[in-house]
Amino acid sequence: MSERYYIRTFGCQMNEHDSERIAGLLEAQGMEPASGPDDADLVVLNTCAVRENADNKLYGALGHLATTKARRGLTIAVGGCLAQKDQGKVLERAPWVDVVFGTHNVGSLPALLQRAKLRGEAQAEFFDEMQAFPSALPARRAADWSAWVAISVGCNNTCTFCIVPRLRGKERSRRVGDVVAEVQALAASGVVEVTLLGQNVNSYGTDLPGHRQLFGDLLRGLDGVEGLERLRFTSPNPKDFRDDVVDAMAACRPLCEHVHFPLQSGSDRVLRLMRRGYRRRRYLEILGKLRAAIPGVACSTDIIVGFPGETEEDFVQTLEVVEAARFDSAFTFQYSPRPGTDAASMPDQVPAEVVGERFQRLLALQERIALEHNRALVGTEVELLVERASSKTDATRMSGRTRSNKLCHFPVPEATAIEPGDLVTVQVERAAPHHLMAGPVLAHRPRPVPSAACAAAPPPRPLPPGAVRLPLVG
């Protein structure tokens, strides 16, 4: 009987992407997925160092696993951003862990597990730089109709609230041809939606020799991929949003009418403290260009409330920008210090009760705007990419997303079999701030039958004569 593995992922889409690669590596070694940690021979915790209480979540989970390991044979591995940050501290605090590996060591996991088994002692490995792009590794995707594709790793920004550059390293980009080849292979295997991943996607390519390939070039290269219905990307930084990218977005057929456009704060003074590299006027100018170039584009954002030194006047300026920008949705966060960031040691930390009160005011404003956006869709027809065979709360309804990334529920058809990955057209009947409710299916387009299988990305193309080889990045 094959050994079974279970992966618990904390954090962002890049962590989800890494977990798919970890699963692919383990299955290449003959392992099978388990239904949960109690059913597993190996548990991998893929950690985050950005989210609140990341340390408590990890070590709390490890405490529960220690009890399980005392009862039966169990191998425990810890990877990801928090492992990269804490390194040897993980084994000091949790000596029952068998393997610890960093963000640049995903491909080393099978060898580390084998070494720990043969030597009978814990193994840890941390590289300072990425050895190969995660997309060069085999993958077991959570959905066979949707895929993440990493176009770059690392980040060159110095935002004072973020520890990602320290944990993921300097930005490294893949060549356009390699990304296009991977997306073509995914589409041939039946994938209809691809999300491009990078810590700052619109600075993509600036590290490539001669700056000859930029994000706009990549979007144009993906425009003609046969079988690709939907293309998304996350996340851009407003300071790097050039007109060329806006033009490429408007011309790219599969690119969805949605952009995630992080604001963080509407106060120029706070943006300066955050070291964000743009100001509110420039932010709104770019948003205006996007809406002019892409009719009906939906915009989501990130906002931090209570950054150190934020005054009531600063917060009111954020509310003003939110009112002017009219975001379709927002990920709103109450600031809390993250060890290892510059902001953690800044003076004038805002009291928690003040942060909480401001957060509620922002939430109320954004929910009103989101509801107004969604109510405007009532009576219109929308195309959905089906995500779930039934909603979480009602087995008689299915769920999908519009091209503008809005969640929509609709009745399960009685006569037509609809599967995740299919495209359906429905009419919106009701709206709430965070979802839509639709009537019966008006049109149904099943997902095409795959023409190929794709467990791993194709190898990178050879370098052209005279090109300068990059450091080991795929």
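See the structure shown above.
Analysis parameters
- Residues numbered from 1 in each chain as written.
- Predicted model: local features only at pLDDT ≥ 70, side-chain atom pairs only at ≥ 80, totals over all residues.
- Heavy atoms only, no water.
- Phe/Tyr/Trp six-rings, centres within 6.5 Å; stacked < 30°, edge-to-face > 60°.
- Helix = DSSP H or I, 4+ residues; strand = E, 2+ residues; numbered from the N terminus.
- Buried < 20%, exposed > 50% of the residue type's maximum accessible area, 1.4 Å probe, protein only.
- 1 Å grid on protein atoms, 1.4 Å probe; cavity = no way out; pocket = protein on both sides within 12 Å on 5 of 7 lines; lining within 4 Å.
- Points joined across faces, edges and corners; volume = space filled by probe spheres on them.
- Nonpolar A, V, L, I, M, F, W, Y, C, P; charged D, E, K, R; others polar.
- Polar contact = N/O pair within 3.5 Å; in protein donor to acceptor, adjacent residues only side chain to side chain.
- Contact = heavy atoms within 4.5 Å.
- Salt bridge = Lys/Arg side-chain N within 4 Å of Asp/Glu carboxyl O.
- Pairing = 2+ DSSP bridges.
- Axes fitted to C-alpha atoms, helices over the stretch in contact; angles between N-to-C directions.
- Parallel < 35°, antiparallel > 145°, perpendicular 65-115°, else oblique.
- Expected span 1.5 Å × (residues − 1).
- Arc of directions from axis to C-beta.
- Core = buried A, V, L, I, M, F, W, Y, C linked by side-chain atoms within 4.5 Å.

A. Examining the packing of aromatic side chains more closely. Tallied over the entire structure, the rule returns 6 aromatic pairs. Between F241 and F261, the aromatic rings sit 5.4 Å apart at their centres with planes inclined by 85°, giving edge-to-face as the arrangement. On the criterion of sequence distance, the pair formed by F241 in the loop between β11 (230–234) and α9 (243–251) and F261 in the loop between β12 (258–260) and α10 (268–274) is long-range, its members being 20 residues apart. Judged on exposure class, the residue F241 and its partner F261 are both buried. Between Y283 and F327, the ring centres sit 6.4 Å apart and the planes meet at 70°, which makes this aromatic pair edge-to-face. Of the two residues, Y283 sits in helix α11 (residues 280–293) while F327 sits in the loop between α12 (312–325) and β14 (329–334), which places them 44 residues apart along the sequence. Each member of the pair, Y283 together with F327, is buried. Put simply, the rings of F241, F261, Y278, Y283 and F327 pair up and form one aromatic cluster.

B. Expanded view of the layout of surface pockets. There is about 460 Å³ of room inside the second largest pocket. Along the wall of the second largest pocket there are 20 residues; nearest its centre are E3, T75, L113, Q114 and K117. A per-element tally of the lining of the second largest pocket places helix α5 (residues 109–119) first, with 5 residues. Looking at the lining of the second largest pocket, its residues break down into 8 nonpolar, 6 polar and 6 charged.

C. Region of the structure containing the side chain of S404. With respect to the helices and strands, S404 occurs in the loop between β16 (397–401) and β17 (407–411). Judged by its relative accessible area of 16%, S404 falls in the buried class. A polar contact of 2.9 Å, which involves the side chain of S404, links it to the side chain of T402. Apart from the residues lying within four places of it in its own chain, the contact partners of S404 are E257, H258 and A298.

D. Summary view of the pattern of salt bridges. Summed over the entire model, instances satisfying the criterion amount to 31 salt bridges. The partner of K289 in a salt bridge is D243, and the shortest N-O contact between them spans 2.9 Å. Taken together, the residues span a long stretch of sequence, with K289 in helix α11 and D243 in helix α9 at a distance of 46 residues. Look at the salt bridges and you will find they share partners, linking E310, E312, E357, R358 and R361 into a network.

E. A look at unusual backbone geometry. Omega for the peptide link from T234 to S235 comes to -5°, which places this bond in the cis form. Mapped onto the fold, S235 is located in the loop between β11 and α9. Positive phi is not limited to glycine here, since Q87 has a value of about 50°. Considering the arrangement of structural elements, one finds Q87 in the loop between α3 (81–86) and α4 (89–93). Relative accessible area serves as the criterion here: at 30%, Q87 is assigned to the partly exposed category.

F. View of the sheet that holds strand β1 (residues 4–9). Reading across the sheet, the 6 strands line up as β2-β1-β3-β4-β5-β6 and stay open at both edges, with parallel pairing between neighbours. Looking at which strands have only one partner, the edges of the open sheet turn out to be β2 (32–33) and β6 (123–125). Where strand β3 (residues 42–47) and strand β4 (residues 75–80) come together, 6 bridges link them in parallel fashion. Its bridge partner lying in β4, L45 is registered against V78. Where helix α2 (residues 54–71) meets the sheet, it contacts β1, β3 and β4, and its direction lies at approximately 175° from that of β3. α5 rests against β3, β4, β5 (99–101) and β6 of the sheet, and its axis sits at about 150° to β5.

G. Looking closely at the packing of helix α8 (residues 215–222) against α9. At their nearest, the axes of α8 and α9 sit 8 Å apart, and the two run at 10° to each other. Accordingly, the angle class assigned to the pair α8 and α9 is roughly parallel. On α9, the residues that touch F215, G216, L219 and R220 of α8 are D244, V245, D247, A248 and M249. Looking at side-chain class alone, the contact of α8 with α9 contains 5 nonpolar, 1 polar and 3 charged residues.

H. Fine view of the pairing of β17. Within β17, 4 of the 5 residues are buried, which leaves it mostly tucked inside the rest of the structure. Pairing of β16 with β17, which is carried by 5 bridges, proceeds in the antiparallel orientation. Across the sheet, G400 pairs through a bridge with C408, a residue of β17. With antiparallel pairing between neighbouring strands as the criterion, β16 and β17 make up a hairpin whose turn holds 5 residues, including N405 at a positive phi of roughly 70°.

I. How the structure looks around α2. Between its first and last C-alpha atoms α2 spans 27 Å; for 18 residues at 1.5 Å apiece the expected length is 26 Å, and the two agree. A54, L58, Y59, A61, L62, L65 and T68 are the residues of α2 that are buried. The arc that holds the buried residues of α2, viewed along the axis, is 165°, so those residues lie on one side. In α2, those exposed residues whose orientation departs by more than 90 degrees from the buried face are N56, H64, A70 and R71. Where α2 is buried, its residues touch β1, β3, β4, α3 and α4.

J. How the structure looks around the nonpolar core. Within the largest apolar cluster, 65 residues are counted, with the highest numbers of intra-cluster contacts made by V194, L196, F215, L218, L231, F241 and M249. Ranked by residue count, the leading element in this core is helix α7 (residues 176–188), at 6 residues. Apart from the residues lying within four places of it in its own chain, the contact partners of L196 are V149, I151, V179, V201, F215, L218, L219, L222, L231, R232, F233 and T234. Core analysis: the next-biggest nonpolar cluster, separate from the first, contains 24 residues, V43, C48, L62 and C81 among them.

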